[in-house]
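Report on the structure
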Amino acid sequence: MRITFELNGKRVECEARPNKTLLDLLRADLGLTSVKKGCEQGECGACTVLLDGAPVNSCLVLAPQVEGRAVTTLDGLVDDPLMAALRKAFMEDGAIQCGFCIPGMLLSAYALLRENPRPTEEEVKTAIEGNICRCTGYIKIIEAIMDAAERIQNERP
Amino acid sequence: MRPIPSFSLHRPKTLSEALELLQALEDARPIAGGTDLLVLLRDGAVSAKHLIDLGGVHELQYIREENDEIRIGAATTHAQLLRSELIAEKTPLLHEAAASIGSVQIRNRGTLGGNLCNASPAADTAPPLLALNAEAAVASTGGTRIIPLGDLFAGPKMNSLRPGELLTEIRFPTPPAGSGTSFQKLGRRRGLTLAVINVAVYLCLEGGVCREARIALGAVAATPIRMPAAEEMLEGRQLSGELIEAAASACRDQVRPIDDIRASAEYRREMAYVLTRRALMDAWERARRDTL
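No experiment lies behind these values; they were computed from the predicted model shown. (Residues numbered from 1 in each chain as written. Chains lettered and ligands numbered in written order. Predicted model: local features only at pLDDT ≥ 70, side-chain atom pairs only at ≥ 80, totals over all residues. Heavy atoms only, no water.)

1. Considering unusual backbone geometry
This is how the line gets drawn: Secondary structure elements are defined from DSSP: runs of H or I of at least 4 residues count as helices, runs of E of at least 2 residues count as strands, and each element is numbered from the N terminus. Think of it in three bands: with a 1.4 Å probe and only protein chains considered, a residue is buried below 20% of the maximum accessible area for its type, exposed above 50%, and partly exposed in between.
Notably, Asp52 of chain A is not glycine yet its phi reads approximately 50 degrees, a positive angle. When you line up the elements, Asp52 of chain A lands in the loop between β3 (48-51) and β4 (54-57). Owing to a relative accessible area of 47%, Asp52 of chain A belongs among the partly exposed residues under this scheme. Even without being a glycine, Asp27 of chain B presents a positive backbone phi close to 55 degrees. When you line up the elements, Asp27 of chain B lands in the loop between α1 (15-24) and β2 (28-31). Classification of Asp27 of chain B as partly exposed rests on a relative accessible area of 39%.

What follows is the structure in structure tokens.
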């Protein structure tokens, strides 16, 4: 099927079989390897992308289903100030170990802070409940997200 | 992991288009959020020649109140349910159930109709809707029929829809003043988990007397089920801790759970008592607060 959608702010037109997942389209066909392939069952969240701004598991979206919609991966947020703050906090707070979950984790955190700039710890935990990390035990990830929220607030005039 | 077997994908824009496709195509299945179906297709547990994607059928996404009745379109996502002030205010049990489903990612895709038609005995939205006395609108090219929600569940992972039929709407009476509800879920962990058991309760009080009681449990039988024996013990009576204890105990006797990977039948039976008691106490307190 011929599909047209917006990927990281740019219009993309491509061919995708109906049984191709958005995950495979992004990773294999379009080369966006920041989108990780984990469980392929919607359990691990490594393949998280934003669909019209909302986090979804790209392994559970069929490529043709994004027709006319906007898909955002980490690659589209390189220069985004909120993502930059999250990235900095994750690095400085020691929230990254092997790194495999981090793209998904950052996108879930980004979607949270976009909607809710001063989340409680409980709200942060809910936001990342669909992102499994087998290294950190989550504590430092939660701290980094809270920290990023604070940094962003403090930077505002 | 194995790829998803191939199929043709159809993307109707209207309900009537979707119903016509469902009627005309052989071996066709609707796909809503896909959070269950795509996993089942990949595993080979389900197969289909044609998938009819309901994602573009926007007329199936709504939450509205009309004539003291709340109506929810079947393709409404769990995230949309969670954002609805009407649902949070009038039916907190449904709000709480939606919040307990999957993860943010799953709730952004998964739909109410999908959760119900998937017909898992553990479906989190089923007990609240049974306790709210919900009805289901089922459409085909031949017209629409309204069935009690309980009739939608035919068995574990089996719904009662006939070929060519689609669940289009869930509707239930708006809980009146003096009513209270509760949803309780026990899982192996808190996030992203299927229920070991789940319980929903609706109580309506009139001057301290229980006028109506509805109790529904999930993951304790082949389908989500109501507990008529326990309900009868409460209706027409002055509520008390003792009476609630007895009604919860009756649920323990009525459930027919199985042993599975998440829990033993024995444990589920005991938890049916514990969670029903907890839900009844919670709903009772909320009903009293609602009466004041």
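Alright, that's what it looks like, and here's the rest.
2. Let's talk about the interface of chain A and chain B
Let me state the cut-off plainly: What makes two residues a contact is simply this: any of their non-hydrogen atoms within 4.5 Å. In short, buried area is how much 1.4 Å probe accessible area vanishes from two parts on joining, totalled over both. What makes a salt bridge here is a side-chain nitrogen of Lys or Arg within 4 Å of a carboxyl oxygen of Asp or Glu, nothing more. For this analysis, a polar contact is any N or O atom pair within 3.5 Å, provided that within protein one partner can donate a hydrogen and the other can accept it, and provided that sequence-adjacent residues contribute only side-chain to side-chain pairs.
Contacts between chain A and chain B engage 31 residues on the former and 29 residues on the latter. Among the residues chain A hides against chain B, the three largest losses belong to Leu60, Gln65 and Glu129 of chain A. Together they make up 26% of the total. Our count for the chain A to chain B interface comes out at two salt bridges. Salt-bridge contacts for Glu129 of chain A lead to Arg107 of chain B; the nearest nitrogen and oxygen are separated by 2.9 Å. Our enumeration of links across chain A and chain B arrives at ten residue pairs in polar contact (both at pLDDT 80 or more). Contributing elements (two or more residues each) for the side of chain A that touches chain B: β3, β4 and α4 (121-127) of chain A.

3. Side note on the domain arrangement of chain A
Residue and element names in this part refer to chain A. Quick reminder of the rule: How far each domain reaches was decided by an automatic or database domain assignment.
We note that the domain assignment places domain 1 (2-73) and domain 2 (79-155) within chain A. Just the C-alpha atoms count here: the centres of domain 1 and domain 2 sit 22 Å apart. Between domain 1 and domain 2, the buried area comes to about 900 Å², and carbon and sulfur atoms account for 69% of it. When residues of domain 1 are sorted by the area they lose upon contact with domain 2, Lys36, Thr48 and Leu50 head the list and together hold 40% of the total. At the surface where domain 1 touches domain 2, the tally comes to zero salt bridges. At the junction of domain 1 and domain 2, the tally comes to four residue pairs in polar contact (both at pLDDT 80 or more). When residues of the side of domain 1 that touches domain 2 are assigned to their parent elements, the largest contribution, three residues, is made by β3.

4. Re the environment of Thr168 of chain B
Residues and elements named next belong to chain B. For Thr168, the position within the fold is in strand β10 (residues 166-173). Thr168 gets classed as buried once you look at its relative accessible area, which sits at 7%. Distance from Thr168 to Gln61, taken between C-alpha atoms, is 9.4 Å for residues 107 residues apart in sequence.

5. Observations regarding the packing of helix α2 (residues 81-92) of chain A against helix α3 (residues 102-115) of chain A
How two helices sit against one another is set out by the angle between their axes and by the gap between those axes. Residue and element names in this part refer to chain A. Using the following cut-off: For every element, the axis is a line fit to its C-alpha atoms; helices are fit only across the contacting stretch, and the angle between N-to-C directions ranges from 0 to 180 degrees. Here is the rule for angles: anything less than 35 degrees is roughly parallel, anything more than 145 is roughly antiparallel, 65 through 115 is roughly perpendicular, and the remaining ranges are oblique. Take the far helix as the reference: if the near one is turned anticlockwise from it by less than a right angle, the crossing is left-handed, and if turned clockwise, right-handed. Each residue gets one of three labels, nonpolar for Ala, Val, Leu, Ile, Met, Phe, Trp, Tyr, Cys and Pro, charged for Asp, Glu, Lys and Arg, and polar for the others, Gly among them.
Direction vectors running N to C along α2 and α3 enclose 130 degrees, while the axes themselves pass 10 Å from each other. Put simply, α2 runs oblique to α3. Crossing hand, α2 versus α3: right-handed. Here Leu82, Met83, Leu86, Arg87 and Phe90 of α2 lie close against α3, whose contacting residues are Ile102, Met105, Leu106, Leu107, Ala109, Tyr110, Leu113 and Arg114. A breakdown of the residues in the contact of α2 with α3 according to their chemical character gives eleven nonpolar, no polar and two charged.

6. Remarks on the sheet that holds strand β2 (residues 10-15) of chain A
Residues and elements named next belong to chain A. Rules: A pair of strands is considered paired only if DSSP assigns at least 2 bridges between the two.
Spatially, β2-β1-β5-β3-β4 is the arrangement adopted by the five strands of the open sheet, whose pairing is mixed. Looking at strand neighbours, the two that pair on one side only are β2 and β4, the edges of this open sheet. Sheet twist, expressed as the mean angle between neighbouring strand axes with direction ignored, is 40 degrees. Note: β3 against β4, four bridges, orientation antiparallel. Among the inter-strand pairings, Thr48 is bridged to a residue of β4, identified as Asn57. On the sheet, α3 packs against β3, β4 and β5 (70-72) and is oriented at approximately 35 degrees with respect to β3.

7. Section: the packing of α3 of chain A against helix α5 (residues 139-155) of chain A
Residues and elements named next belong to chain A. At a closest axis distance of 11 Å, the pairing of α3 and α5 adopts a crossing angle of 40 degrees. Taken together, the axis directions place α3 and α5 in an arrangement best described as oblique. In terms of crossing hand, the pair formed by α3 and α5 is right-handed. Counting all contacts with α3, which are made through Met105, Ala109, Leu112 and Leu113, the residues of α5 involved are Ile141, Ile145, Ala148 and Ala149. Class assignment of the residues belonging to the contact of α3 with α5 gives a composition of eight nonpolar, no polar and no charged.

8. Description of the pattern of salt bridges
Residue and element names in this part refer to chain B. For the structure shown, the criterion picks out 34 salt bridges over all chains. We note a salt bridge from Glu285 to Arg289, for which the minimum N-O separation is 3.3 Å. Residue Glu285 and its partner Arg289 are both found in helix α11 (residues 265-291); the two are separated by four residues, about one turn of the helix. Through salt bridges with shared partners, a single ionic network connects Arg64, Glu66, Glu69, Arg71, Glu169 and Arg171.

9. Some thoughts on the sheet that holds strand β1 (residues 8-10) of chain B
All names here are of chain B. Read from one edge of the open sheet, three strands run β1-β3-β2, paired in parallel fashion. Whereas interior strands pair on both sides, the edge strands pair on one side only; in this sheet they are β1 and β2. Mean inter-strand twist for the sheet, computed between neighbouring axes without regard to direction, equals 25 degrees. As defined by bridge partners, β1 adjoins strand β3 (residues 50-53) across three bridges and the pair is classed as parallel. Of the residues in β3, the one forming a bridge with Leu9 is Leu51. Strands in contact with α1 are β1, β2 and β3; relative to β3, the strand with the most contacts, it is inclined by about 170 degrees.

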